[in-house]
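# Summary of structural features
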Amino acid sequence: EAGVVQSPRYKIIEKKQPVAFWCNPISGHNTLYWYLQNLGQGPELLIRYENEEAVDDSQLPKDRFSAERLKGVDSTLKIQPAELGDSAVYLCASSTGLGFEQYFGPGTRLTVT
Amino acid sequence: AQSVTQPDIHITVSEGASLELRCNYSYGATPYLFWYVQSPGQGLQLLLKYFSGDTLVQGIKGFEAEFKRSQSSFNLRKPSVHWSDAAEYFCAVGQTSYDKVIFGPGTSLSVIP
């Protein structure tokens, strides 16, 4: 069974530029999560989807961050414009539903210069 | 509010030696507790979990953890460490099963031959 796929794995951009991250969850997993992991810290939830509906986006900085999950499968997280402080690893995870084990992707490491 | 502390930022052990990683949590009710491992360039993998019942839980890769309510702790142990155990370890607490999970800052484990 294929795991959670994320791309790109690494991204370097200049500040004020836009950037997008893509996540393909495990087949059949209805719940999808985006996490932010700063260096030396644990992951922090940004947004959670149940199918195509964002059910918890309270930690998503909506002034510059946006996310979508069209058709309830793949998801895209976007930052526009990026700031130096956005340099981090962005993790995607999926599960069969709320309250079930989350499976994590390898993450996208973003560097903003 | 929930919180998780991992007092040791970095630990170095010799291969074959025993290991104990400390985790303390703050949560008013009975918590759901987890240990995850993150190898370089990879996503988080669940090692073990405690939901209820026996306070000593067994996980994958020979790891175990003990829930001590009186000490608000959930320490991870392994009797004999292998070089492949070198990774970042995260303790986490959840309000409801796998949802609303708060991760600790992590402990980086180095293994010397």
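Before any of the text, the structure's been laid out above.
An account of the accompanying structure is given in this report.

The rules behind these values
Residues numbered from 1 in each chain as written. Chains lettered and ligands numbered in written order. Predicted model: local features only at pLDDT ≥ 70, side-chain atom pairs only at ≥ 80, totals over all residues. Heavy atoms only, no water. Pairing = 2+ DSSP bridges. Helix = DSSP H or I, 4+ residues; strand = E, 2+ residues; numbered from the N terminus. Axes fitted to C-alpha atoms, helices over the stretch in contact; angles between N-to-C directions. Contact = heavy atoms within 4.5 Å. Buried area = accessible area lost by both parts, 1.4 Å probe. Salt bridge = Lys/Arg side-chain N within 4 Å of Asp/Glu carboxyl O. Polar contact = N/O pair within 3.5 Å; in protein donor to acceptor, adjacent residues only side chain to side chain. 1 Å grid on protein atoms, 1.4 Å probe; cavity = no way out; pocket = protein on both sides within 12 Å on 5 of 7 lines; lining within 4 Å. Points joined across faces, edges and corners; volume = space filled by probe spheres on them. Disulfide = S-S within 2.5 Å. Buried < 20%, exposed > 50% of the residue type's maximum accessible area, 1.4 Å probe, protein only.

## Some thoughts on the sheet that holds strand β8 (residues 75-79) of chain A
Residue and element names in this part refer to chain A. Sheet architecture is open: four strands sit in the order β1-β3-β8-β7, paired in antiparallel fashion. Edge positions in the open sheet fall to β1 (5-7) and β7 (65-68), since each of these has one partner strand only. When strand polarity is set aside, the average angle formed by the axes of neighbouring strands in this sheet is 15°. Two strands pair when backbone bridges link them, and β1 and strand β3 (residues 19-24) are joined in this way by three bridges, in the antiparallel orientation. Of the residues in β3, the one forming a bridge with valine 5 is asparagine 24.

## Details of the interface of chain B and chain A
Contacts between chain B and chain A engage 16 residues on the former and 19 residues on the latter. Of the roughly 1300 Å² buried where chain B meets chain A, counting both sides, 51% is carbon and sulfur surface. Joining chain B to chain A, the criterion identifies zero salt bridges. If you look at where chain B meets chain A, you find three residue pairs in polar contact (both at pLDDT 80 or more). Where the side of chain B that touches chain A is concerned, the elements lending two or more residues are β5 (32-38), β6 (44-50) and β11 (99-103) of chain B. Sort the elements by how many residues they give to the side of chain B that touches chain A and β11 of chain B lands first, with four residues.

## What to know about the layout of surface pockets
Taken as a whole, the largest pocket spans an internal volume of roughly 490 Å³. Lining the largest pocket are 26 residues, and of these Gln37, Leu39, Val89 and Arg109 of chain A together with Gln38 of chain B sit closest to its centre. The set of elements that each furnish at least two residues to the lining of the largest pocket consists of β9 (88-95) and β11 (108-112) of chain A together with β10 (87-96) of chain B. Tallying contributions element by element places β11 of chain A first for the lining of the largest pocket, with four residues.

## A word on the state of the cysteines
Here a disulfide denotes one covalent bond, and it connects the sulfur atoms of two cysteines. Under the criterion given, the structure shown has two disulfides over all chains. Sulfur-sulfur distance for the disulfide between cysteine 23 of chain A and cysteine 92 of chain A comes to 1.9 Å. Here the disulfide of cysteine 23 of chain A and cysteine 92 of chain A is left-handed, its torsion about the S-S bond being about -70°. Placement of the pair is cysteine 23 of chain A in strand β3 and cysteine 92 of chain A in strand β9, with a sequence separation of 69 residues. For the residue pair cysteine 23 of chain A and cysteine 92 of chain A, the accessibility class agrees, reading buried in each case. What pairs with cysteine 23 of chain B in a disulfide is cysteine 91 of chain B, and their sulfur atoms sit 1.9 Å apart. Sign of the S-S torsion, about -65° for the bond between cysteine 23 of chain B and cysteine 91 of chain B, identifies this disulfide as left-handed. One end of the pair, cysteine 23 of chain B, is in the loop between β3 (19-21) and β4 (24-26); the other, cysteine 91 of chain B, is in strand β10, with 68 residues separating them in the sequence. Cysteine 23 of chain B sits in the buried class, given a relative accessible area of 0%.

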